[in-house]
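Reading the structure
Chain residues, written in single-letter form:
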Amino acid sequence: MVELREITKDNYYTLWRLMIDEKYQGRGYGKQALNMGVKFLVENFKVKEIFTSVVQENINAKELYKIVGFKETSEISSNEIVMLHQM
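These lines cover the structure that appears in this document, whether it is placed above or below.

1. Some details on the overall build of the chain
When its secondary structure is counted, the chain shows 2 helices and 5 strands. Reading the helices (α) and strands (β) of the chain from amino to carboxyl end gives β-β-α-β-α-β-β. Taking as baseline every contact in the chain between residues at least 6 positions apart, the subset at least 24 positions apart corresponds to 49%. For the chain, the exposed area adds up to about 6300 Å²; of that, 48% sits on carbon and sulfur atoms.

So this is what it looks like as structure tokens:
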């Protein structure tokens, strides 16, 4: 499940949740879903930045986001590392 939310007040987009059932993890579905979500936002909304956050200990999620183009910022939100994808 991928959930994208627009925060129109600040005119930025954030990836709220990306969940792949554990029995389907490790098959490339997360990477494919993230790439499709980024492409959708760029093509339909002309976004320049997408934010997400990840728990520090979730190394697999951090690496997945990095593979798709997200970079860690120095910001922490609700004890999670904020990551940014810039087009």
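2. A few points about the side chain of K62
As for its placement among the helices and strands, K62 is situated in helix α2 (residues 59-68). A polar side-chain atom of K62 sits 3.3 Å from the main-chain carbonyl oxygen of Q56.

3. Regarding the packing of aromatic side chains
Under the definition given, this model contains 4 aromatic pairs. Centroid distance Y24 to Y29: 6.5 Å. Interplanar angle 55°. Geometry classified as tilted. Overall, the relative accessible area of 36% leaves Y24 in the partly exposed class. Seen in terms of ring centroids, Y65 and F70 are 5.5 Å apart; in terms of plane orientation they differ by 65°. Their pairing is edge-to-face. The burial state of Y65 is the same as that of F70; both residues are buried.

4. So, the pattern of salt bridges
Scanning the entire structure with this criterion turns up 3 salt bridges. Three or more residues are tied together by salt bridges with common partners; here these are E63, K66 and E72.

5. Thoughts on the pairing of strand β4 (residues 71-77)
The pairing of β4 with strand β5 (residues 80-86) spans 4 bridges and is classified as antiparallel. Opposite E72, over in β5, you have M83 as the bridge partner. Connecting the antiparallel pair β4 and β5 is a turn made up of 2 residues, with S78 showing a positive phi of about 50°.

6. Some details on the pairing of β5
Counted residue by residue, β5 has 5 buried out of 7 residues, so it is predominantly covered. Here strand β3 (residues 49-55) pairs with β5 via 7 bridges, running antiparallel. Note on β5: the bridge partner recorded for V54 is I81.

Cut-offs and rules
Residues numbered from 1 in each chain as written. Predicted model: local features only at pLDDT ≥ 70, side-chain atom pairs only at ≥ 80, totals over all residues. Heavy atoms only, no water. Helix = DSSP H or I, 4+ residues; strand = E, 2+ residues; numbered from the N terminus. Contact = heavy atoms within 4.5 Å. Areas by Shrake-Rupley, 256 points an atom, 1.4 Å probe, with all protein chains shown as cover. Polar contact = N/O pair within 3.5 Å; in protein donor to acceptor, adjacent residues only side chain to side chain. Phe/Tyr/Trp six-rings, centres within 6.5 Å; stacked < 30°, edge-to-face > 60°. Buried < 20%, exposed > 50% of the residue type's maximum accessible area, 1.4 Å probe, protein only. Salt bridge = Lys/Arg side-chain N within 4 Å of Asp/Glu carboxyl O. Pairing = 2+ DSSP bridges.

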